[in-house]
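Residue strings, one per chain:
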Amino acid sequence: MLGIESSCDETGVALFHPQRGLLAHALHSQAQMHAEYGGVVPELASRDHIRRLLPLVRQVLADAGASLAHIAAVAYTEGPGLAGALLVGAGLAHGFAFALGVPVIGVHHLEGHLLSPLLSARPPEFPFVALLVSGGHTQLMRVDGVGRYALLGETVDDAAGEAFDKTAQVLGLGYPGGPALAAFAQSGIAGRFSLPRPKMASDDLEFSFSGLKTAVATTLRKNAVDAQGRADLAAEFQQSVVDVLVSKSLRAVEASGWKRLVVAGGVGANQRLRECLGSAAAVRGVDLFFPEQRFCTDNGAMIALAGALRLKAAGHAGAFGVRPRWDLGTLEAS
Ligand code: KG4
Ligand code: ZN
């Protein structure tokens, strides 16, 4: 299965074999290109995907010691994402499939993230509770099997990754904000400033992160904050997001009656989240699964894997198209 990811600012390509696993994967991040604009410029993203995709496919085939003739099916990210960027991947995937006479299948980007821990040496068994934390989504899902997802709760405003990105901007850390803020927070101490833990005490499984960015901006405005203070503020912000994510995830696991929690999406790369969730899960006897660090953020491997599982379940290929907006809860098992 050749997997193609082009929903946002990463071009990802991978070759996956249902029995032998991941054969090769390659990634190009556009982060540097978008950095000077402080965020993703959709038109530039699309054009860069066009430039990068074919060389990445060639690289992946070479790394796997394979040729075009070895491609038995093609999977691409059908949505959600930037329409123009998605169309680049869809066009290439359908072109390959047509030329090679193989099936093509459109994959839901979040399903790719959800299933990405299955690429690990110790994959989780179904069913499990999943915390999906990316730049566009913060959701708790109940996962009974491939394509069997039920939404338990989600953010009512900003996603966790979005909150990291916006707060990084407020702190003058540039783009992409999540990794920059996490790195900056290492030299700070959480608790020197006090930020709220939004919705942590509420019984539901909803999140709200937009107020945190405002709280950081207000603290900066009202205090004379030096460089150390900014790092302390970053650390406190990160701890607030982590505390809320840990608390709600464990609440969802408890309510499910299962003892398995999977974390997926870009914010899953956050070290502090990994530490705190790790110790909280251990205390409660919850088995915790993270994707490998390199498969937390967008990549082609998770799309190839999800495509392979989907094609097996559905047994048929899909029509040409992209879905810039696409609710994961509307997916069916096959
Ligand atoms: O899953 P992803 O690559 O793309 C989406 O599907 O959105 O997630 C990207 C998000 C961005 O908001 C980025 O700032 C955040 O994940 N992120 C992080 C870290 N690495 C990426 N947030 C906090 N700490 C990190 N280490
Ligand atoms: Zn993503």
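Trainee: What is the right way to read the coordination of the zinc ion (ligand 2) from this model?
Mentor: Put simply, a metal with four donors set out as a tetrahedron has ideal angles of 109.5 degrees, and one with six donors set out as an octahedron has ideal angles of 90 or 180 degrees. For the zinc ion (ligand 2), every protein donor is listed as His109 (NE2), His113 (NE2) and Asp298 (OD), and the spread of their distances is 2.0 to 2.1 Å. For the zinc ion (ligand 2), the four donor atoms are set out with angles of 94 to 133 degrees between them, so the coordination reads as tetrahedral. Sequence spacing of the donors to the zinc ion (ligand 2): H-x3-H-x184-D. Note that His109 is positioned in helix α4 (residues 109-115) and Asp298 in the loop between β10 (287-289) and α10 (300-314), a separation of 189 residues in sequence.

Trainee: So what exactly am I meant to see when it comes to the sheet that holds strand β7 (residues 138-145) here?
Mentor: Strand pairing in a sheet relies on backbone hydrogen bonds. The paired strands run either parallel or antiparallel. Ordered in space as β8-β7-β6-β9-β10, the five strands form an open sheet in which the pairing is mixed. For this open sheet the edge positions go to β8 (148-154) and β10, each flanked by a neighbour on one side alone. Taking each pair of neighbouring strands and ignoring which way they run, the sheet shows an average axis angle of 25 degrees. As paired elements, strand β6 (residues 128-133) and strand β9 (residues 260-264) share four bridges and run parallel to each other. Bridged to Leu132 within β9 is Ala264. Contacting β6, β7, β8 and β9, helix α8 (residues 227-256) crosses the sheet at an angle of about 155 degrees to β6.

Trainee: What exactly am I supposed to notice about the site of ligand 1 here?
Mentor: The immediate surroundings of ligand 1 are formed by 17 residues, with His113, Gly135, Asp165, Gly266 and Asn270 found nearest. His109 places a polar side-chain atom, nitrogen or oxygen, 3.1 Å from an oxygen atom of ligand 1. Here Asp165 contributes a side-chain N or O atom positioned 2.6 Å from an oxygen atom of ligand 1. Taking 550 Å² as the accessible area of ligand 1 by itself, protein coverage stands at 86%. Among the detected pockets, ligand 1 sits in the largest pocket. Counting only elements with at least two residues in the shell around ligand 1, the list comes to α4, α5 (160-170) and α6 (177-185).

Trainee: Please clarify how the layout of surface pockets should be interpreted in this entry.
Mentor: Gaps left between atoms are located by rolling a probe of water-molecule size over the structure's atoms. Computed from the structure, the largest pocket encloses a volume of approximately 1,300 Å³. Lining the largest pocket we find 48 residues, and of these Cys8, Ser134, Gly135, Gly136 and Asp165 sit closest to its centre. Those elements that provide at least two residues to the lining of the largest pocket are α4, α5 and α6. Ranked by residues supplied to the lining of the largest pocket, first place goes to α5 with six residues.

Trainee: Explanation requested: the pattern of salt bridges in the structure shown.
Mentor: When the charged atoms of two side chains lie near each other, side chains of opposite charge can form a pair. Counted by the stated rule, this structure contains 17 salt bridges. The partner of Arg310 in a salt bridge is Glu111, with the nearest N and O atoms 2.9 Å apart. Here the residue Arg310 occupies a position in helix α10, and Glu111 occupies one in helix α4, the gap between them amounting to 199 residues. A salt bridge links Lys199 to Glu206; the nearest nitrogen and oxygen atoms lie 3.5 Å apart.

Trainee: For this particular structure, what's the right way to read the environment of Gln238?
Mentor: Relative to the helices and strands, Gln238 is located in helix α8. Overall, Gln238 belongs to the buried group, its relative accessible area being 8%. Taking the C-alpha atoms as reference points, Gln238 and Ala182, separated by 56 residues in sequence, lie 7.2 Å from one another. If near-sequence neighbours (up to four positions away) are discounted, Gln238 is found in contact with Phe164, Leu181, Ala182, Ala185, Asn270 and Arg272.

Trainee: Which parts of the structure should I look at to understand the pairing of β7?
Mentor: Of all the eight residues making up β7, six are buried; the element is thus mostly covered by neighbouring parts of the structure. Count of turn residues in the β6/β7 antiparallel hairpin: four residues. With six bridges connecting them, β7 and β8 associate as antiparallel partners. Bridge assignment links Val143 to a residue of β8, and that residue is Tyr149. Count of turn residues in the β7/β8 antiparallel hairpin: two residues, of which Gly147 carries a positive phi of about 80 degrees.

Reading the values: rules and limits
- Residues numbered from 1 in each chain as written.
- Chains lettered and ligands numbered in written order.
- Predicted model: local features only at pLDDT ≥ 70, side-chain atom pairs only at ≥ 80, totals over all residues.
- Heavy atoms only, no water.
- Donors = N, O, S within 2.8 Å, 3.2 Å for Na, K, Ca; no water.
- Tetrahedral: all angles 85-135°; square planar, octahedral: opposite > 155°, others 65-115°.
- Helix = DSSP H or I, 4+ residues; strand = E, 2+ residues; numbered from the N terminus.
- Pairing = 2+ DSSP bridges.
- Axes fitted to C-alpha atoms, helices over the stretch in contact; angles between N-to-C directions.
- Contact = heavy atoms within 4.5 Å.
- Near = heavy atom within 4 Å.
- Polar contact = N/O pair within 3.5 Å; in protein donor to acceptor, adjacent residues only side chain to side chain.
- Areas by Shrake-Rupley, 256 points an atom, 1.4 Å probe, with all protein chains shown as cover.
- 1 Å grid on protein atoms, 1.4 Å probe; cavity = no way out; pocket = protein on both sides within 12 Å on 5 of 7 lines; lining within 4 Å.
- Sits in = over half its atoms within 2 Å of the grid points.
- Points joined across faces, edges and corners; volume = space filled by probe spheres on them.
- Salt bridge = Lys/Arg side-chain N within 4 Å of Asp/Glu carboxyl O.
- Buried < 20%, exposed > 50% of the residue type's maximum accessible area, 1.4 Å probe, protein only.

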